[in-house]
Amino acid sequence: MAYVVTENCIRCKYTDCVDVCPVDCFYEGPNMLVIHPDECIDCGLCEPECPVKAILHEDELSNEQLPFVEINEEMSEVWPNINAVKPAPADAKAWENVPGKIQYLEK
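Reading the values: rules and limits
- Residues numbered from 1 in each chain as written.
- Predicted model: local features only at pLDDT ≥ 70, side-chain atom pairs only at ≥ 80, totals over all residues.
- Heavy atoms only, no water.
- Helix = DSSP H or I, 4+ residues; strand = E, 2+ residues; numbered from the N terminus.
- Rg over C-alpha atoms; globule rule 2.2 N^0.38 Å.
- Phe/Tyr/Trp six-rings, centres within 6.5 Å; stacked < 30°, edge-to-face > 60°.
- Lys NZ or Arg CZ within 6 Å of the ring centre and 35° of its normal.
- Salt bridge = Lys/Arg side-chain N within 4 Å of Asp/Glu carboxyl O.
- Contact = heavy atoms within 4.5 Å.
- Polar contact = N/O pair within 3.5 Å; in protein donor to acceptor, adjacent residues only side chain to side chain.
- Core = buried A, V, L, I, M, F, W, Y, C linked by side-chain atoms within 4.5 Å.
- Buried < 20%, exposed > 50% of the residue type's maximum accessible area, 1.4 Å probe, protein only.
- Lys, Arg positive; Asp, Glu negative; His and termini not counted.

1. Let's talk about the overall build of the protein chain
Turning to step 1, where the next piece is worked out: Each helix and strand counted, the protein chain has three helices and four strands in total.
Turning to step 2, where the next piece is worked out: In sequence order, the protein chain lays out its α and β elements as β-α-β-β-β-α-α.
Turning to step 3, where the next piece is worked out: Its C-alpha atoms give the protein chain a radius of gyration of 12 Å, within 12% of the compact-globule value 13 Å for 107 residues.
Turning to step 4, where the next piece is worked out: Across its three principal axes, the protein chain shows a C-alpha extent of roughly 30 × 30 × 25 Å.

Below is the structure:
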């Protein structure tokens, strides 16, 4: 896996990243996106597009963010593929930069 969607995406679920992905490796859950590790080509186009900086290269993950490697792997096998931009949730702004959002992850 090259890039990982982390906790900052939870309840924000901005889809700007989806629009630039050349291989459509994003998958959409109820309140966040994930990247399929076998489909990501490590191009890095998605990382700067995320307005909440939720996408990080696997080498940049802190210890607290390491569980998101498994979450991305697991949920990309279950959730449907997303390849077009969608509107963010109505309350996305209110959830930006809120710590401890993993408790709100809906699988």
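2. Topic: the packing of aromatic side chains
Turning to step 1, where the next piece is worked out: Tallied over the full model, the rule gives one aromatic pair.
Turning to step 2, where the next piece is worked out: A ring pair is formed by Trp-95 and Tyr-104, whose centres lie 5.0 Å apart and whose planes are at 65°; its orientation type is edge-to-face.
Turning to step 3, where the next piece is worked out: Over the aromatic face of Tyr-104 sits the side chain of Arg-11, whose NZ or CZ is 5.4 Å from the ring centroid.

3. With respect to the pattern of salt bridges
Turning to step 1, where the next piece is worked out: The full count for this structure, using the stated rule, is four salt bridges.
Turning to step 2, where the next piece is worked out: Lys-93 is the salt-bridge partner of Glu-96, the closest N and O atoms lying 3.5 Å from each other.
Turning to step 3, where the next piece is worked out: A single salt-bridge network, built from bridges that share partners, covers Lys-13, Glu-28 and Lys-86.

4. Brief notes about the environment of His-36
Turning to step 1, where the next piece is worked out: Turning to its location among the elements, His-36 is positioned in the loop between strand E3 (33-35) and strand E4 (55-57).
Turning to step 2, where the next piece is worked out: Note: C-alpha distance between His-36 and Glu-74 (38 residues apart in sequence) is 8.7 Å.
Turning to step 3, where the next piece is worked out: Excluding residues that lie within four positions of it along the chain, His-36 makes contacts with Cys-25, Tyr-27, Ser-76 and Glu-77.
Turning to step 4, where the next piece is worked out: In this structure the side chain of His-36 is engaged in a polar contact, spanning 3.1 Å, whose partner is the backbone nitrogen of Asp-38.

5. Observations concerning unusual backbone geometry
Turning to step 1, where the next piece is worked out: With phi around 45°, Lys-13 is a residue other than glycine that occupies positive phi space.
Turning to step 2, where the next piece is worked out: Counting through the fold element by element, Lys-13 comes out in the loop between strand E1 (3-5) and helix H1 (16-20).
Turning to step 3, where the next piece is worked out: Even without glycine at this site, Lys-53 takes up a positive phi of about 55°.
Turning to step 4, where the next piece is worked out: Positionally, Lys-53 belongs in the loop between E3 and E4.

6. Structural notes on the nonpolar core
In globular proteins that are soluble, nonpolar side chains generally tend to be buried together.
Turning to step 1, where the next piece is worked out: Grouped together as the largest cluster of nonpolar side chains are 34 residues, with contacts concentrated most on Phe-26, Met-32, Ile-35 and Ile-55.
Turning to step 2, where the next piece is worked out: Counting residues per element, the ones that place at least two in this core are E1, H1, strand E2 (26-28), E3, E4, helix H2 (67-75) and helix H3 (92-95).

7. Describing the side chain of Lys-101
Turning to step 1, where the next piece is worked out: Positionally, Lys-101 belongs in the segment after H3.
Turning to step 2, where the next piece is worked out: Here Lys-101 is buried and forms no salt bridge, its nearest opposite-charge partner Glu-7 lying at an N-O distance of 7.5 Å.
Turning to step 3, where the next piece is worked out: The residues contacting Lys-101, other than those within four sequence positions of it, are Glu-7, Asn-8, Cys-9, Ile-10, Cys-12 and Trp-95.

8. What to know about the environment of Ser-76
Turning to step 1, where the next piece is worked out: By secondary structure assignment, the location of Ser-76 is in the loop between H2 and H3.
Turning to step 2, where the next piece is worked out: When the C-alpha atoms of Ser-76 and Val-52 are compared, they prove to be 21 Å apart, with 24 residues separating the residues in sequence.
Turning to step 3, where the next piece is worked out: Setting aside anything within four residues of it in sequence, one finds Ser-76 in contact with Tyr-27, Val-34, Ile-35, His-36, Pro-37 and Ile-71.
Turning to step 4, where the next piece is worked out: A distance of 2.9 Å separates the side chain of Ser-76 from the backbone oxygen of Asn-72, its partner in a polar contact.

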